[in-house]
Amino acid sequence: MQALKGIHLEDIIENLRSYQPGAEADQLWAAYTFASKAHKGQVRLSGEPYMNHPMQVAMILTRMKMDQTAITAGLLHDTLEDTDATPEALMELFGPEVTSLVEGLTKLSKISFSSKEESQAENVRKMILAMSRDIRVVLIKLADRLHNMRTLDFLPPNKQKSISQETMDIYAPLAARLGLHWIKVELENIAFHYLLPFEYKRIQGLMAERQEELDRVLLSISNQTRELLLKERIAGEVSGRFKHLYGIYRKMNEQKLDFDQIYDLIGIRIITNTLMDCYMALGLVHNHWKPIPGKFKDYIALPKENFYRSIHSTVLTHAGRRVEFQIRTQQMHRHSEEGIAAHFRYKEGSVSTKEDENFIWVKRLLDLGLHVNSPQEFMDNIKMDLFPDEVYVFTPKQEVKAFPNGATPIDFAYAVHTQVGNHYLGALVNGKPVPPDTKLRNGDVVEILTSEDQHPSRDWIKIAATSHARATIKSYIRNSQKADSLRLGREMVEQELLRNKIDPVKYMAKSLLESAAGAIGFKNAETLIERIGSSTFSVYSLLQKLLPPDEWKTVEETRKTYLKDVQQETGVRVGDLHDMMIRFAGCCNPVPGDPILGYVSAGHGLVIHNKSCPMIKVLESDPEKIIEARWETQVKKQMRPVRILIYCINKPGILANVSTSIAACEANISAATITPTSYMGGEIDLTVEILDLNHLQKIIEALRKVDGVKSVERIMDASRGTTK
């Protein structure tokens, strides 16, 4: 795993001139001299001179076919962070472009956070921002990470594992996204070596045992392929390769296979001169060997988002072995090897992705960083976007859009435009209406229907597969809840002032509210009012700071009487939060005697749920909003609704007997639905007004005695009633 030694600047210059013949060496020599002096006396943990690291990074950049400016920055990339060098010195010697790249790389490193998750999330945010400004910053960062991974042996085991995990989570998939497959493979294999050493050595040993056989098969298939091309006079290069170790492990792990069940260890690549030759070669391969259904992808007709173009097809050889063929032109192969770097023609100034429509995914990631608050949520969504198993679908105008596997019409709608997603009404897939959770498939034609009356639902978060759609939905819901809380908070303050015959106009002035908010410890009045509306801060705590002492005294006296009345009215006590707006959830209709809890709902105050409510699992996703609640010992007697479901024999008079039984228990039926379930059976869904749990039990026991009633149960329905 150690780095190659003995690299000289002449080697780097020679590599650069192999693809940029006119490249000047003077700037590279100046960068080498500057960095050597700056790093003089510094050594790496391996004991070798520190300067070996930037030299190795520069050499990797030449393999990536990077321009002279990027390679110069690669030689200098650690000077601002690890030496006394200054930006002013770099600017004077190398100009603004090189200095900007080195400063961009330095900013990715100089930051500290309270937690590992926050640190990783923020570093990734900064990397995405840097990528949007100048893609070369991230390409140099990848070269830096690759050499650091090659020299990981010299770090302690805990560092080896943490760096390898970050590499597997972020850097390897990022390399894949940027089209640098060879970097992805090497990063994955090295990280695999440190994260799962036993599995790494086992698969390495199994491959070694079969190497002679695999070499023989690879040579045979390659020769047969060359003969096929030669016979039809198709010019093409044929090469073979083996599946990399981590790719084998991942397939074994994901598909629960033994090593002997991995049949596609061998791959053949055909590189032709023309596009037509690609498809002719494909026809020859399919005519000679049997193509395996479902194992064909045409990335020439439908390129990946990282510009990758190639035909992939897996065939079954005459010996029963699976072999994947990749067929592409010389130009496509250069793009495959060089990745995103091949897309740009380097020029004066930064190489920006901001104005390039081909980099929609970079913009998505950048937008994601603005919509997501939680570091963990951000990282989860980033990983989702960096690991796309893509499907390709069409708009009605035959434009192609790529999505991760599992994407739905909701994802499609948000990919078209945020407002199309926010007003999603329905979708037509191949001309037919489909549910929003329909999984899109390759080749689908998708049309989105919208309505100004439609708005995002929390249920959409579970349906959406793309990070962009999920983050946008969550952002909309947060902003909507904030607006509701602001409105409700203002109403609560105004109502309390009016209750005490105090003029709201006078004390709701912005200057007074801002002053009171500052005195309490809030950054502004809006945040304070929002907290009141979301029932997480007391309106009386505001009034105590807002009102003069004599008026506050009047409010305090009125408050005691009011709270006593409210408490008696609802019969519920919730900790010390006596001044909250209390509502009972319609999904479970809690009654005195039920075990209950409170949920702080934005715009709805405090919603009381039965602890057996089917919504509890959903509510527990926001544990900070759950508050313990209990019934008062003395509850004011009032009728409360509860749903009862009766299974009975479908016979004349059954409903009358049920009604009579309920009336005998001094209860009232407020709603009833009768549904025949069979020729002899039926369901009666009743909403009954009762006093408390004892009253309910009395009614249920009476109903069970009615002739023809098979069972009686209380039901709770998560689809009824507001919870969030």
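Owing to the predicted nature of the structure, the values given are computational and were not obtained by experimental measurement.

Reading the values: rules and limits
Residues numbered from 1 in each chain as written. Predicted model: local features only at pLDDT ≥ 70, side-chain atom pairs only at ≥ 80, totals over all residues. Heavy atoms only, no water. Helix = DSSP H or I, 4+ residues; strand = E, 2+ residues; numbered from the N terminus. Contact = heavy atoms within 4.5 Å. Areas by Shrake-Rupley, 256 points an atom, 1.4 Å probe, with all protein chains shown as cover. Phe/Tyr/Trp six-rings, centres within 6.5 Å; stacked < 30°, edge-to-face > 60°. Lys NZ or Arg CZ within 6 Å of the ring centre and 35° of its normal. Pairing = 2+ DSSP bridges. Salt bridge = Lys/Arg side-chain N within 4 Å of Asp/Glu carboxyl O. Buried < 20%, exposed > 50% of the residue type's maximum accessible area, 1.4 Å probe, protein only. Axes fitted to C-alpha atoms, helices over the stretch in contact; angles between N-to-C directions. Disulfide = S-S within 2.5 Å. pLDDT = per-residue confidence, 0-100.

Turning our attention to the overall build of the protein chain. From N to C terminus, the protein chain includes 29 helices and 20 strands. Pairs at least 24 residues apart make up 67% of the contacts formed inside the protein chain by residues separated by at least 6 positions. With an accessible surface of roughly 35600 Å², the protein chain has 51% of that area assigned to carbon and sulfur atoms.

Another point: the packing of aromatic side chains. With the rule as written, the count across this model stands at 11 aromatic pairs. An aromatic cluster is built from Phe 192, Tyr 200, Tyr 246 and Tyr 249, whose rings are joined through pairwise contacts. Arg 44 extends its terminal NZ or CZ atom over the ring of Tyr 50, reaching a point 6.0 Å from the ring centre. A cation over a ring is seen here: Arg 63 above Trp 182, with NZ or CZ 3.7 Å from the ring centre.

For Asp 411, the location among the structural elements is in helix α18 (residues 409–416). Those residues within four positions of Asp 411 in sequence are excluded, and the remaining contacts are Phe 403, Ile 463, Ala 464, Ala 465, Thr 466 and Ala 469.

Here strand β8 (residues 424–429) pairs with strand β10 (residues 446–450) via five bridges, running antiparallel. In the strand pairing of β10, Ala 427 is matched with Ile 448. Strand direction decides the pairing type here: β8 and strand β9 (residues 432–434), joined by three bridges, are antiparallel. Its bridge partner lying in β9, Leu 428 is registered against Pro 433. Linkage of β8 to β9, two consecutive antiparallel strands, is achieved through a turn of two residues, within which Asn 430 is found at a positive phi near 55°.

This part is about the pattern of salt bridges. As enumerated under the stated definition, the model contains 15 salt bridges in all. Linking Lys 141 and Asp 144 is a salt bridge whose minimum nitrogen-to-oxygen distance equals 4.0 Å. A residue pair is termed a helical-turn pair when its members lie 3 or 4 positions apart in one helix, as Lys 141 and Asp 144 do in helix α8 (residues 135–150) at three residues. A relative accessible area of 10% means that Asp 144 is categorised as buried. Across the pair Arg 250 and Glu 188 runs a salt bridge whose closest N-O atoms are separated by 3.6 Å. Of this pair, Arg 250 sits in helix α13 (residues 245–255) while Glu 188 sits in helix α10 (residues 181–195), and the two are 62 residues apart along the sequence. A residue is classified by how much of its surface remains accessible, and Arg 250, at 26% relative accessible area, is partly exposed.

With that out of the way, let us pick up the sheet that holds strand β20 (residues 709–714). As summarised here, the arrangement of the four strands in space is β18-β19-β17-β20, forming an open sheet in which the pairing is antiparallel. Looking at which strands have only one partner, the edges of the open sheet turn out to be β18 (668–676) and β20. Put simply, the sheet's adjacent strands are angled 20° from each other on average, direction ignored. The sheet strands contacting helix α29 (residues 693–704) are β17 (640–649), β19 (681–690) and β20, and the helix crosses β20 at an angle near 165°.

Let us now look at the sheet that holds strand β1 (residues 236–242). An order of β1-β2-β5-β4-β3 is seen for the five strands of this open sheet, with the pairing classed as mixed. In this open sheet, the two edge strands, each paired with only one partner strand, are β1 and β3 (290–298). Between one strand axis and the next, the sheet turns through 20° on average, direction left out of account. Running at roughly 160° to β1, helix α12 (residues 211–231) makes contact with β1, β2 (266–272) and β5 (322–329) of the sheet. Contacts from helix α15 (residues 330–338) reach β1, β2 and β5, with the element oriented near 105° to β5.

A few words on unusual backbone geometry. Even without being a glycine, Asn 430 presents a positive backbone phi close to 55°. Its place among the elements puts Asn 430 in the loop between β8 and β9. Under the relative-accessibility criterion, Asn 430 is labelled partly exposed at 44%.

Okay, the state of the cysteines next. Summed over the entire model, instances satisfying the criterion amount to zero disulfides. Here Cys 613 stays unpaired: no disulfide links it, and the sulfur of Cys 587, its closest cysteine neighbor, is 3.5 Å away. The exposure class of Cys 613 is buried, given its relative accessible area of 4%.

Per-residue confidence for the protein chain averages 81 on the pLDDT scale, and 82% of its residues sit at or above 70. Note on residues 110–115: pLDDT is under 50 here. Beyond four places in sequence and across chains, it has eight contacts. This stretch, residues 345–350, has a pLDDT under 50; its non-local contacts, to residues over four places away or in other chains, come to 12 contacts.

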